[in-house]
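Structural overview for review
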Amino acid sequence: MARIDLVDLAHSYGGASAATESYALKPMTMTWRQGGAYALLGPSGCGKTTLLNIISGIVTPSHGQVLFDGKDITPLSTRERNIAQVFQFPVIYDTMTVRENLAFPLKNRNLPRASIEARVTEIAKLLDLSPFLDRRAVRLSADAKQKISLGRGLVRSDVAAVLFDEPLTVIDPNLKWELRSKLKALHQALDLTMIYVTHDQTEALTFADTVVVMHDGRVVQSGTPEELFSRPAHTFVGYFIGSPGMNIVSAEVKGKRALIGGHAIGLDKAYDSLPLGAKIEIGVRPEFVSVAAPSPELLSAKIDRIDDLGRVRFARVRIGDVKFAARVPAGFSASESDAGLIFDPAHVHVYADSVLVEGRT
Ligand code: ATP
């Protein structure tokens, strides 16, 4: 396994002379640590596959370098990079048994028979494939075939990294949650550098120690699931992660106050020097605003509806024309459509042109 450095990396499918704004991957520099579990998360078209294909060597970047353990591998072919890949659809040999399929990447490397057998047994056990080891793959379900594909990706212990491209797409929804947690356990057991591409936040947050959120060809935040939840570095992260996503509303911010439609909300930090001319917004997750009976001290809102999610209820409200979601505390009865909103100042963030601003304590 390897540490991966992306150095001034960018990619333009239109050639190196195209304008930066049109790049599929805008310039980025970052390091992924050896043995880490990373998820590349973002909506369709944000550049996840392009980045994964650059790391695997399928795409040569128009700018910058990829280093494995400090060595520039940008000009190397996929095979020379010594990586394993798992794709959306199973890549297995139907006519071989499960055991032969799992052993194949190791036989290719001429490993001794005893170590092949030991590793195949270990991987089969981790993926609950042991009972099927001597069955031909052709007779197995689509789920089992994809598990074999995962196993083939994980079986070599000497790879620089294992890259997964939406590997649970073909998996039955009921099995997905089980395999998601299993992949996390596999990462802990096998100590490999893993990079997992997905547009599904649950998959990313369950699997990864570090989630790299992409938007429009840029990495907008790279952090733990907790960091993405508690301090979204970009309004896109706030909106894309969490269900419902973070509320974002225009505000006038001065010192420790944010004015929304003329009503002041307290902030726990001071913001004295916001960039001139920038679009200023505040962001607050629905978990940290609650509805209450209307009162002159509270920002007023109209309740559209209340969603009962079992453990928690969220009110869908409007502040003027802006839609907002807020927690409904136990005992609150929404007999009227008018409500007041109570904000938790520690969780109200300020954004300038969509980027988080650090306040002064
Ligand atoms: P998806 O989840 O839909 O695969 P993605 O986040 O993986 O999306 P990419 O496939 O990396 O995104 O695409 C990023 C951008 O690059 C998109 O605008 C896409 O249209 C463009 N793109 C991707 N592959 C090519 C290509 N071979 N030639 C030209 N443009 C491409």
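Residues numbered from 1 in each chain as written. Predicted model: local features only at pLDDT ≥ 70, side-chain atom pairs only at ≥ 80, totals over all residues. Heavy atoms only, no water.

Brief notes about the site of the ligand
As a reminder, the rule being used: One heavy atom suffices: a residue is near a molecule or strand as soon as one of its heavy atoms comes within 4 Å of it. Definition of a polar contact: a pair of N or O atoms within 3.5 Å, with one able to donate and the other able to accept a hydrogen when the atoms are protein atoms, and with sequence-neighbouring residues admitted only if both atoms are side-chain atoms. Computed with the Shrake-Rupley method and a 1.4 Å probe, the accessible areas treat only the protein chains shown as cover for residues.
Around the ligand lies a shell formed by Tyr-13, Ala-24, Pro-43, Ser-44, Gly-45, Cys-46, Gly-47, Lys-48, Thr-49 and Thr-50. Here Tyr-13 contributes a side-chain N or O atom positioned 3.4 Å from a nitrogen atom of the ligand. Measuring from an oxygen atom of the ligand, one finds a backbone N or O atom of Gly-45 at 2.7 Å. Contact with the protein chains covers 52% of the free accessible surface of the ligand, which is 620 Å².

Observations regarding the side chain of Arg-152
Rule in force here: Helix and strand definitions follow DSSP, with helices as H or I runs of at least four residues and strands as E runs of at least two, each counted in order from the N terminus. Buried residues are those whose accessible area, probed at 1.4 Å on protein chains only, stays under 20% of the maximum for their type, while exposed residues exceed 50% and partly exposed ones sit between those limits. Working convention for charge: Lys and Arg count positive, Asp and Glu count negative, and His plus the chain ends are omitted. Salt bridges are counted wherever a side-chain nitrogen of Lys or Arg sits within 4 Å of a carboxyl oxygen of Asp or Glu. Contacts are residue-level and defined by heavy atoms, with any inter-residue pair within 4.5 Å sufficient.
As for its position among the elements, Arg-152 is in helix 5 (residues 142-154). Despite its burial, Arg-152 pairs with no opposite charge, the nearest such side chain being Glu-100 at 9.7 Å. When neighbours within four sequence positions are excluded, Arg-152 is seen to be in contact with Val-91, Ile-92, Tyr-93, Asn-101, Leu-102, Phe-104 and Pro-105.

Details of the pairing of strand 8 (residues 194-198)
Under the convention used in this document: Pairing between strands is defined by DSSP: at least two bridges between the two strands are required.
Of all five residues in strand 8, five are buried; the element is thus mostly enclosed. Along strand 8, one buried face is formed by Met-194, Tyr-196 and Thr-198 and the opposite face, lined by Ile-195 and Val-197, is buried too. Here five bridges tie strand 3 (residues 37-41) to strand 8, and the two strands are oriented parallel to one another. Within strand 8, the residue paired with Ala-37 across the bridge is Met-194. Pairing of strand 7 (residues 162-165) with strand 8, which is carried by four bridges, proceeds in the parallel orientation. Of the residues in strand 8, the one forming a bridge with Asp-165 is Val-197.

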